[in-house]
Amino acid sequence: MFELLAGRHTIASTQLTLGEPEQVVILKGAWEATLVELKELVNPATYDRWISTLTPVGRTGSVISLATNGEFARQWITRKFTEMLAASLSSALGEPVTVQIVLDENAKTEQAPPPSVAKKKPSGSEPAIRRPGFISKYTFDRFVEGNSNRLALAGAQAVAAQPGKKFNPLFIYGGPGLGKTHLLHAIGQQVLARDARSRIVYLTGQVFAEEFIHSVKTGRVGEFRSMQRSVDIWLVDDVQLIAGKDRTQEELFHTFNFLYEGGRQIVICSDRPPRELYLMEERLRSRFESGLVADISPPDFETRAAILIKKAEEEGVELPMDVVDLMADRIQSNIRKLEGSLCRLLAEASLAGRPPTVEMAEEVLRSFFEDTNAGKPSPEALIEASADYHGVTMEEVMGKGRRQAITRARQVAMYLCREVWSLPWKQIGTLFRKDHSSAIYAHKSIGEELVRRPDQQRVLDEIVEAARSKRQH
């Protein structure tokens, strides 16, 4: 037997083999880059439930072995995701590979799909509480603090230190890849480290909706409610994913009230502030705003540089400052992409047998952006598609005209730039040669219209599809 990748999984050497330690570094870097890509490509519920449970444990020739924690999960992932995993890993490694899903020998075979959290033996008459599968590296000491996240970090640390006593609820919002999930996992892990008996539920809005719908269909709503409400800490990620689901919102509202009135800690994350969750009921938005609302904005240059240096140090690599400067300058709005590109760079450097260089970084950044933005229409393409749909020109949309069709096309384009790319308000305003307040107003107007006329979502989808067909690189 031998241990691989920080000793997290023990695999029989007759089953899987991996060569020199250098190959471990390469595979680890390729897997980190794959996770970054898949986080962008699949919906959050799918990622959390299936992809995030996988760990690379070995390689034999062109076959990469990924371990999961149960037989049902192994069979499901094998049927549904091996082709996608192989394609992403092949891209990260720069050579064709295939994937096999194996069992983690330390895990027991399970008979049902892995839930949002794992089972814990009930005490007395309490319902069984399922223990969350937190990501071990998502801790407070590995979270890089900066001006862009200081309030959210302080709120999360206060909650972890005294659950239910301060900042309840805590609502954290920000674009994708900025650290919201990291803070949720850090809270959960610190609380469990202090008291392993703490009852915690961690799940996404999508998983909440899916499990609630399943409980309705199977007549087990009471069991679902007991599971959600018999907790000390309730962590909900990507709550915006229940927007527009009326029955699910009703259930979330009553669960929120039950926990809040019982003094249980609630932490909720979203990609936007409560006031911009237009498809969510006003009473829910009001509840979300009743505690501390903290945003995480894209990190400044100094924070991005610190993240790169810290991540490289954790991998035992001293990153040249010219490489740090280049990468911190190029990737500005997404920490997940920043870390993923670094992992790919370290893997390339390890493969080449020399320290990372600016030339290597340039090549990695070029291929990385091509991979992660694949299929995503550029902001310029969205503007052009909106102009075409509304019968005006792109120049008119970018200009000062106030004719109804022009204004409509401009507002739709601004809304889509925010939704598709999560661009900061200031950047959207600059793109359209307007003040950032114009972008905020446009997004609010279109969002509120979708509440009144949900059928308009079809129009937006058509514009995005048209933009995708003429996507500019």
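Residues numbered from 1 in each chain as written. Predicted model: local features only at pLDDT ≥ 70, side-chain atom pairs only at ≥ 80, totals over all residues. Heavy atoms only, no water.

*Asks:* Let's hear about the overall build of the protein: which residues, and what values?
*Replies:* Summing up its helical and strand segments, the protein has 19 helices and 12 strands in all. Taking all 473 residues of the protein together, the buried fraction comes to 52%. Summed over its atoms, the accessible surface of the protein is roughly 21800 Å², and 50% of this surface lies on carbon and sulfur atoms. (Helix = DSSP H or I, 4+ residues; strand = E, 2+ residues; numbered from the N terminus. Buried < 20%, exposed > 50% of the residue type's maximum accessible area, 1.4 Å probe, protein only. Areas by Shrake-Rupley, 256 points an atom, 1.4 Å probe, with all protein chains shown as cover.)

*Asks:* Could you give an account of the pairing of strand 11 (residues 265-270), naming the residues involved and the relevant values?
*Replies:* Counting buried positions over the 6 residues of strand 11 gives 6, a clear majority of the element. Alternating residues of strand 11 divide into Gln265, Val267 and Cys269 and Ile266, Ile268 and Ser270, and every residue in both groups is buried. Note on the crossover from strand 10 (residues 233-237) through helix 8 (residues 246-261) to strand 11: the handedness is right-handed. (Right-handed = clockwise from strand over helix to strand, strands pointing away.)

*Asks:* Explain helix 3 (residues 71-93) residue by residue, including any values.
*Replies:* With 23 residues, helix 3 extends only 28 Å from end C-alpha to end C-alpha; this falls clearly short of the ideal 33 Å at 1.5 Å per step. At Phe81, helix 3 shows its largest bend, some 65°. Turning to helix 3, its buried residues number three or more, namely Glu71, Ala73, Ile77, Phe81, Thr82, Leu85, Ala86, Ser88, Leu89, Ser90, Ala92 and Leu93. Backbone geometry just after helix 3 places Gly94 at a positive phi near 75°. (Expected span 1.5 Å × (residues − 1). Bend = angle between axes of the 7 residues up to and from the residue.)

*Asks:* Help me get a handle on the sheet that holds strand 11, residues and values and all.
*Replies:* As summarised here, the arrangement of the 5 strands in space is 9-10-11-8-12, forming an open sheet in which the pairing is parallel. A strand with exactly one partner marks an edge of an open sheet, and here the two such strands are strand 9 (200-204) and strand 12 (292-296). Strand-to-strand twist of the sheet, defined as the mean angle between neighbouring strand axes without regard to direction, takes the value 15°. Of the pairings in the sheet, the one linking strand 9 to strand 10 comprises 5 bridges and is parallel in character. Across the sheet, the residue bridging to Val201 is Trp234, located in strand 10. Of the strands in this sheet, strand 8 (170-174), strand 9, strand 10, strand 11 and strand 12 are in contact with helix 5 (residues 180-194), which crosses strand 10 at around 160°. (Pairing = 2+ DSSP bridges. Axes fitted to C-alpha atoms, helices over the stretch in contact; angles between N-to-C directions. Contact = heavy atoms within 4.5 Å.)

*Asks:* How would you explain the pattern of salt bridges if you had to name every residue and give the values?
*Replies:* If you walk through the whole model with that rule in mind, you get 22 salt bridges. Between Lys28 and Glu315 there is a salt bridge, with its nearest N and O atoms 3.6 Å apart. Of this pair, Lys28 sits in helix 1 (residues 21-41) while Glu315 sits in the loop between helix 10 (301-314) and helix 11 (321-330), and the two are 287 residues apart along the sequence. Residue class for Glu315 comes out partly exposed when judged on its relative accessible area of 30%. Between Arg366 and Glu363 there is a salt bridge, with its nearest N and O atoms 2.6 Å apart. A residue pair is termed a helical-turn pair when its members lie 3 or 4 positions apart in one helix, as Arg366 and Glu363 do in helix 13 (residues 358-372) at 3 residues. Glu363 gets classed as partly exposed once you look at its relative accessible area, which sits at 45%. (Salt bridge = Lys/Arg side-chain N within 4 Å of Asp/Glu carboxyl O.)

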